[in-house]
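# Reading the structure
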Amino acid sequence: MKNPKSIAVSLIFTLIPIAISLLIAALLVSAVGRDPLEVVETLWKGAFSDSRKVGGVFNFWIPLTLVSIGLVVTFRAGLWNIGVEGQMMMGALFASWGAQFILVDESLSPVLNVLLIVLSALGGMFWAFLVGLLKIRLGVNEIFGGVALNALVNVISIYLISGPWQPSIGGSAQGTEPFPIAALLPEYSRDFPVNLFMIGLVIVLFIVVYAMLNATRWGLNLKAVGKNMRSALLLGVPTERTSMSAFLVCGAMAGIAGSYRVLFTFDNLRPLSSGGIGFLGLLVVLLLSVRLLWVPLVSFAFAAILTGSTRLQISLKLDSSLAGVLQGLLVLLVVLFQGVQDVFFSQ
């Protein structure tokens, strides 16, 4: 158990970078002649002024939380799964195939929805398996393998959209035809446009992964591999199998996140449907130092900031990328201060 001194040091080194990042953001806003408090108020209104905007926050929170949960698993195993963005896209492709070619009556829509989510999980797992195969069997670093596969799946999606899956009006790189109603995830209401089943699924998956990481031998093996793979191997831990399982779990989560983007957010397949959410998930996990418990809350905060930032350009004539600047500063400073803490204050 940590002593009070170490807890105090950890708290200080968590609060200081947050304060500095907020201060820098405030100075940037002031430099362009705006009031920082006005920016905060605008962000809040953009995210929470009515139930539709709250629904928009949840619609971003769902895929971001799924991706972040999966990334915690790979980070726990010491793996930088940069390919998570591509795994989202492959999940979206699998779900899009099913949405277009598995035709059922609208009365069977719930069954089809579940089937498409399962397909998307399999798609994400398949793409994550390739990253793991390159890493484990061929010695290709997962960062390089992931980046290459990210690019490849984007090329595949553009080919399908402008070729075999092109709209009936002719070739287009904008998107496929809208999917049949039976394949789409239904929204709760027009005032709260969110799919409640996916919110429930995120909660269930969070609880399951949390339990597996903290109360099973598999979770212990992941931690051992992440700390020191050579020592774990000497202790009898199946390191290759453990690493591959981490990739597969993360791929499944990312694939499901991708399905939500095409079956709810867009209602069709578009290029780059993942929208950078995979990379944002990396920032969330780095900010939390691979602590799963806080993932839903921090993901919600990130989703609220990004959703609210769309109002900045309309109300204050500020570019919405200000939210990205704040998030990037926050993660950079937190990681920097964690390094300082590990070097100078670790026992």
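So, here is what we can say about the structure in this document. (Residues numbered from 1 in each chain as written. Predicted model: local features only at pLDDT ≥ 70, side-chain atom pairs only at ≥ 80, totals over all residues. Heavy atoms only, no water.)

## Considering the overall build of the chain
Counting its regular elements, the chain contains 13 helices and zero strands. If you list the helices and strands of the chain from N to C, you get α-α-α-α-α-α-α-α-α-α-α-α-α. A compact globule built from 347 residues should have a C-alpha radius of gyration of about 20 Å, and the chain, at 21 Å, falls within 12% of that. Viewed in the frame of its principal axes, the chain has a C-alpha envelope of about 65 × 60 × 35 Å. Accessible area of the chain: about 17,000 Å², with a carbon and sulfur share of 69%. Put simply, the chain has 20 plus and 15 minus side-chain charges, and the middle of one group is 13 Å from the middle of the other. (Helix = DSSP H or I, 4+ residues; strand = E, 2+ residues; numbered from the N terminus. Rg over C-alpha atoms; globule rule 2.2 N^0.38 Å. Areas by Shrake-Rupley, 256 points an atom, 1.4 Å probe, with all protein chains shown as cover. Lys, Arg positive; Asp, Glu negative; His and termini not counted. Charge placed at Lys NZ, Arg CZ, Asp CG, Glu CD.)

## Thoughts on the pattern of salt bridges
Any two side chains of opposite charge can pair, so long as their charged atoms come close to each other. Enumeration over the complete set of coordinates arrives at four salt bridges. Where Lys45 meets Glu41, a salt bridge forms, and the shortest distance between an N and an O atom there is 3.3 Å. Of this pair, Lys45 and Glu41 both sit in helix 2 (residues 36-48), separated by four residues, roughly a single helical turn. Given a relative accessible area of 43%, Glu41 falls into the partly exposed group. Asp50 is the salt-bridge partner of Lys53, the closest N and O atoms lying 3.4 Å from each other. With a relative accessible area of 33%, Asp50 lands in the partly exposed category. (Salt bridge = Lys/Arg side-chain N within 4 Å of Asp/Glu carboxyl O. Buried < 20%, exposed > 50% of the residue type's maximum accessible area, 1.4 Å probe, protein only.)

## Quick word on unusual backbone geometry
The backbone of Asp267 sits at a positive phi, close to 70 degrees, despite the residue not being glycine. Relative accessible area serves as the criterion here: at 30%, Asp267 is assigned to the partly exposed category. Even without a glycine there, the phi angle at Leu272 is positive, about 55 degrees. Checked against the element boundaries, Leu272 lands in the loop between helix 10 (239-265) and helix 11 (277-288). On the basis of relative accessibility, which here comes to 55%, the residue Leu272 falls in the exposed class.

## Considering the layout of surface pockets
In this structure, the second largest pocket occupies an estimated 380 Å³ of space. Lining the second largest pocket are 17 residues, with Leu22, Val39, Val40, Leu43 and Leu326 positioned closest to its centre. For the lining of the second largest pocket, the secondary-structure elements that each account for two or more residues are helix 1 (4-31), helix 2, helix 12 (295-315) and helix 13 (322-344). Element by element, the count of residues in the lining of the second largest pocket is highest for helix 2, at seven residues. Here the residues of the lining of the second largest pocket are counted per class, giving 17 nonpolar, no polar and no charged. (1 Å grid on protein atoms, 1.4 Å probe; cavity = no way out; pocket = protein on both sides within 12 Å on 5 of 7 lines; lining within 4 Å. Points joined across faces, edges and corners; volume = space filled by probe spheres on them. Nonpolar A, V, L, I, M, F, W, Y, C, P; charged D, E, K, R; others polar.)

## A look at the environment of Ile20
The residue Ile20 is located in helix 1 in this model. C-alpha separation for the pair Ile20 and Gly86, spaced 66 residues apart in sequence, amounts to 33 Å. Filtering out sequence-adjacent residues up to four positions away, Ile20 remains in contact with Leu333 and Phe337. (Contact = heavy atoms within 4.5 Å.)

## Details of the packing of aromatic side chains
Applying the stated criterion across every chain, the model contains twelve aromatic pairs. When the centroid spacing of 4.7 Å and the interplanar angle of 50 degrees are considered together, the rings of Trp44 and Phe48 count as tilted. One end of the pair is Trp44 and the other is Phe48, both in helix 2 and four residues apart, which spans about a single turn. When its relative accessible area of 26% is taken as the criterion, Phe48 is described as partly exposed. Between Phe126 and Trp127, the ring centres sit 5.7 Å apart and the planes meet at 55 degrees, which makes this aromatic pair tilted. By relative accessible area, Phe126 is classed as partly exposed at 39%. The structure contains a cluster of three or more aromatic residues connected by ring pairs, namely Trp44, Phe48, Phe58, Trp61, Tyr188, Phe192 and Phe300. (Phe/Tyr/Trp six-rings, centres within 6.5 Å; stacked < 30°, edge-to-face > 60°.)

## Thoughts on helix 12
Look at helix 12: 30 Å from first C-alpha to last across 21 residues, which is about the 30 Å you get at 1.5 Å a residue. Along helix 12, the positions that sit buried rather than exposed are Val295, Pro296, Val298, Ser299, Phe302, Ala303, Ala304, Thr307, Gly308, Ser309 and Leu312. In this structure, the buried residues of helix 12 make contact with helix 2, helix 3 (51-76), helix 7 (196-215), helix 11 and helix 13. Just downstream of helix 12 lies Lys317, where phi reads positive at about 60 degrees. (Expected span 1.5 Å × (residues − 1).)

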